[in-house]
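Notes for the structure review
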Amino acid sequence: MNNLFKKYVKKILSISGILSFSSLIKEKIGNLFFLDKRVSWNGERLNSPVANIHLFRNLEKECFTITYNKESRDCIFLDPNEDVTVDIKLSGKAQIRLSFAYEQKPNLAQGIEVSVDNIKKADLKYVIPHKWHHVAFDIDREEITLNIRNTCFSKIAVAHPLIQYEEIAGNNDVPKNIIVLLLDSLIRDSLGPYNSNVKKYTPNISRFFEKSFKYTNCFTQSEWTFPAVYSLLLSQYSIGHGLSDTRVDFDVIPLDSDDTLAVHMRNLGYTTFAYSTVRVFQPAFNAHIGFDRFFYDLFPQSNQTHREICHKAITQLQQNSRGKNFMFLHFFDTHEPWINIEEIEESMLDNSRNTDPDAEWRYYKRGQKDTKGEPIFDDEGVKVLTERRNARLWNVDLSLQSLFDYLERSGEAQDTMVVICADHGCKFMGWKQPLLCDTRVGTPLLIRHPKIEGGTQKELVESNMDLGPTILKIAGHNDKWGNGEILPPFGTERHKYVISESIYGNLCKIAVRDEKYVYHCTFDYNKKYKKIKLNRMFNQLLFERQKEDLCIDVSEKMPDVLKNMHDFLMSHFKKYPHRLS
């Protein structure tokens, strides 16, 4: 009776337009708080680029992305009694892993039959709904015909087959494993390898990367997480892919490209794996494209932290110990305001202060402001926030110790390249600085190569642009990819200038750097059409990099430098005519 009543009420509201109006309000409020259907994606089916399903490409079936137990997979759906047949070519002895899940709770027994060359390999029955179920079998032939049949009365999801090779093909100089550790919102001086005063907070990172390549002149392409991470995955500038910050760009178009770092790594024979706890790095935006396994949680709401990421990473390395692994692990724990204080952090902090980091962050942001309304933190605020960051880094470092220890004890460290990087720098300072200053976009970059002893690299580096092409070259990819250059010492090209961008609302701010100077300017930006208005440029400023924190304009003293950087910027824009108006 109650259900019948609700049905008629819903119909009346719909007819009157009240329901549609309330849905509109809900959508707008949801956008404001990152809760729209793309961002708060909670297990619903999402359309996914068919190009990502390379083995299922010719089946003429619609592809979706679904998640169970926080693991996202690209899938096709099989109706009751439907089957699919796929011809697979292999380049060596391999293990094929299949995953299945049920779209809804079944009323009758569920069943899945898997055959290879007409020989039955698996017959699953009475399995649990809304959970991934895995089947694995070894293959020692170059070509097989795989058949998957749904023998039940309910629709099932079939994840794309995962092929894990036993033998590592190619040059022995190619690392078996490549692991990228992206620590969100981190400046260079917050890590021990760059600053001896903080080694006590990152002892394991300092030890493990003692003989790594340390890049001291590294700059990110954006100071917002969303564009910066996708610049890394695509090796494109922000104005190239057009992604800005979701707080002002609600109508974000999900990534729809098979030209990603993960796709190329998979084509090189690597099993690709990612885990993220960040709002903007999730299947809602198609961040999972190219990753065979993609785990996603929202920190801090999900309570999944650095510990769970490291645990899942170790599990993946154990499960695919015979094959190659490319892993992208994105830690949001290091991003302010460091919510959810842990016990070890409490022991480091002064408990007489406000123990709510979020409240403290808001309090210090209400302090002084410059003429443009940007916060200037006082000395006490910077001290408190620095202590909180160091406490959280200590926790992350302890979790990373488990990953480093596993690599060393299992012997995998001898054939594993590990990278530590950041998407952008930190934003709290005790002085007035322009947007895109060194502190905000200067980031750490450490590369531990298993067969090459590292050293300090002082050349200009565009971290988000250059890292992807460098990883591909080290992994055996010989063609040029993306807009970046190969990092020294792995490549010969060097940057004369580096560019950082901030597209936020109706403004596009640009910073161009060389070894001594930084050139800042601002353009009007049409966020609807994602175009820069070149005829609306203002706030041209030239600073010495060593004195950038003092905001001393040297434009009149260095007109030639100003002109050269301006000319370089104009030539940069010519590469993206579709972004100009």
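Report on the accompanying structure. (Residues numbered from 1 in each chain as written. Predicted model: local features only at pLDDT ≥ 70, side-chain atom pairs only at ≥ 80, totals over all residues. Heavy atoms only, no water.)

1. Overview of the nonpolar core
Phe281 and Leu445 are the most contacted members of the largest nonpolar core, which totals 48 residues. Looking at this core, the element that brings in the most residues is helix H4 (residues 225-234), giving six residues. Ile205, Leu400, Ala422 and Leu446 belong to the second-largest nonpolar core, a separate cluster that totals 32 residues. (Core = buried A, V, L, I, M, F, W, Y, C linked by side-chain atoms within 4.5 Å. Buried < 20%, exposed > 50% of the residue type's maximum accessible area, 1.4 Å probe, protein only. Helix = DSSP H or I, 4+ residues; strand = E, 2+ residues; numbered from the N terminus.)

2. Here we look at the packing of aromatic side chains
One pair of aromatic rings is described through two measures. These are the centre distance and the angle between the planes. The tally for this structure, following the rule as stated, stands at 18 aromatic pairs. Clustering of aromatic rings is evident, with ring pairs tying together Phe226, Tyr230, Phe281, Phe285, Phe291, Phe294, Phe326 and Phe328. Positioned above the aromatic ring of Phe77 is the side chain of Lys155, whose terminal nitrogen or guanidinium carbon lies 6.0 Å from the ring centre. The lysine or arginine in question, Lys214, covers the ring of Tyr194, its NZ or CZ lying 5.8 Å from the ring centre. (Phe/Tyr/Trp six-rings, centres within 6.5 Å; stacked < 30°, edge-to-face > 60°. Lys NZ or Arg CZ within 6 Å of the ring centre and 35° of its normal.)

3. What to know about the sheet that holds strand S7 (residues 119-125)
With respect to topology, four strands assemble into an open sheet ordered S4-S9-S6-S7, the strand pairing being antiparallel. Each end of this open sheet is capped by a strand with a single partner; those strands are strand S4 (83-89) and S7. In this sheet, neighbouring strand axes are inclined to one another by 15 degrees on average, regardless of whether the strands run parallel or antiparallel. For strand S6 (residues 111-116) and strand S9 (residues 143-150), the ladder comprises five bridges, and the chain directions are antiparallel. (Pairing = 2+ DSSP bridges. Axes fitted to C-alpha atoms, helices over the stretch in contact; angles between N-to-C directions.)

4. Notes on unusual backbone geometry
A cis geometry characterises the amide bond from Pro488 onward to Pro489, with omega recorded as 5 degrees. Tracing the chain through its elements places Pro489 in the loop between helix H12 (463-474) and strand S24 (498-504). A positive phi is found at Asn539, a non-glycine position, where the angle reads about 60 degrees. Within the secondary structure, Asn539 is located in strand S27 (residues 531-544).

5. Digging into the sheet that holds strand S26 (residues 517-526)
Across the sheet, which stays open at both edges, the four strands sit in the order S24-S25-S26-S27 with antiparallel pairing between neighbours. The sheet is open, and its two edges are formed by S24 and S27, each paired on a single side. Direction aside, the axes of adjacent strands within the sheet are offset by 20 degrees on average. Strand contacts of helix H13 (residues 559-573): S24, strand S25 (507-513), S26 and S27, with the helix running at about 40 degrees to S26, the strand carrying the most contacts. (Contact = heavy atoms within 4.5 Å.)

6. Structural notes on empty space enclosed by the protein
For the coordinates displayed, the defined rule picks out seven cavities of 30 Å³ or more. Space inside the largest cavity adds up to approximately 90 Å³. If you trace the largest cavity, you find eleven residues lining it, with Asp74, His160, Arg266, Phe291 and Asp292 closest to the centre. (1 Å grid on protein atoms, 1.4 Å probe; cavity = no way out; pocket = protein on both sides within 12 Å on 5 of 7 lines; lining within 4 Å. Points joined across faces, edges and corners; volume = space filled by probe spheres on them.)

7. Thoughts on the side chain of Arg448
Looking at the element boundaries, Arg448 is found in strand S21 (residues 445-448). At 4.4 Å, Glu408 is the nearest oppositely charged side chain to Arg448, a buried residue that forms no salt bridge. At a separation of 2.8 Å, a polar atom in the side chain of Arg448 contacts the main-chain carbonyl oxygen of Phe208. Sequence-distant contacts of Arg448, that is, excluding residues within four places in its chain, are made with Phe208, Phe209, Ser212, Glu408, Ala413, Thr416, Met417 and Val418. (Lys, Arg positive; Asp, Glu negative; His and termini not counted. Salt bridge = Lys/Arg side-chain N within 4 Å of Asp/Glu carboxyl O. Polar contact = N/O pair within 3.5 Å; in protein donor to acceptor, adjacent residues only side chain to side chain.)

8. Quick word on the packing of H4 against H12
Between H4 and H12, the least distance of the axes is 7 Å, while the angle of their chain directions is 25 degrees. With respect to each other, H4 and H12 are oriented roughly parallel. The way H4 lies across H12 gives a crossing that is right-handed. Listed contacts from H12 to Ala228, Ser231 and Leu232 of H4 are Asn464, Leu467 and Gly468. Split into classes, the residues belonging to the contact of H4 with H12 amount to three nonpolar, three polar and no charged. (Parallel < 35°, antiparallel > 145°, perpendicular 65-115°, else oblique. Left-handed = near helix turned anticlockwise from the far one by under 90°. Nonpolar A, V, L, I, M, F, W, Y, C, P; charged D, E, K, R; others polar.)

9. Some details on the pattern of salt bridges
Summed over all chains, the structure comprises 21 salt bridges. For Arg545, the salt bridge identified is with Asp438, shortest N-O distance 3.5 Å. Of this pair, Arg545 sits in the loop between S27 and H13 while Asp438 sits in helix H11 (residues 438-441), placing them 107 residues apart in sequence. Residues Arg545 and Asp438 agree in their burial class; the two are buried. When salt bridges that share partners are traced, they join Glu71, Arg73 and Arg293 into one network.

10. As for helix H7 (residues 306-319)
Relative to the 20 Å expected for 14 residues at 1.5 Å per residue, H7 spans 20 Å between its end C-alpha atoms, a close match to the ideal helical length. Within H7, burial applies to His306, Glu308, Ile309, Cys310, Ala313, Ile314, Gln316 and Leu317. Against the buried residues of H7 lie strand S11 (162-165), strand S12 (177-183), strand S15 (270-276), strand S16 (293-296), strand S17 (324-331) and helix H10 (379-410). (Expected span 1.5 Å × (residues − 1).)

11. Regarding the pairing of strand S10 (residues 156-159)
Burial of the side chains of S10 extends over both faces: Ile156 and Val158 are buried on one face and Ala157 and Ala159 on the other. Bridging between strand S3 (residues 71-78) and S10 involves four bridges; their strand directions are antiparallel. When the sheet's bridge partners are listed, Ile76 is paired in S10 with Val158. Pairing geometry for strand S5 (residues 94-102) and S10, over three bridges, is antiparallel. Note on S10: the bridge partner recorded for Tyr102 is Ile156.

12. Structural notes on the environment of Lys324
The residue Lys324 is located in strand S17 in this model. Among the residues examined, Lys324 registers a relative accessible area of 8% and is labelled buried. Separated by 56 residues in the primary sequence, Lys324 and Leu268 place their C-alpha atoms 9.3 Å from one another. Among the polar contacts listed, one links the side chain of Lys324 to the backbone oxygen of Leu268, at a separation of 2.9 Å.

13. Overview of the packing of H7 against H10
How two helices pack is summed up by the angle between their axes together with the distance between the axes. The interhelical angle for the contact between H7 and H10, taken along N-to-C directions, is 10 degrees, at an axis separation of 9 Å. By the angle between their axes, H7 is roughly parallel relative to H10. Residues His306, Arg307, Cys310, Ala313, Ile314, Leu317 and Gln318 of H7 touch H10, and the partners they reach there are Asn395, Val396, Ser399, Leu400, Ser402, Leu403, Tyr406 and Leu407.

14. Quick look at the environment of Lys176
Counting through the fold element by element, Lys176 comes out in the loop between S11 and S12. What makes Lys176 buried here is its relative accessible area of 10%.

15. What about the environment of Gly425?
Position of Gly425 among the secondary structure elements: in the loop between strand S20 (416-421) and H11. Looking at Gly425, the relative accessible area reads 1%, which means it is buried. Those residues in contact with Gly425, other than ones at most four positions away along the chain, are Ser185, Leu186, Ile187, Thr439, Arg440, Val441, Gly442 and Thr443.

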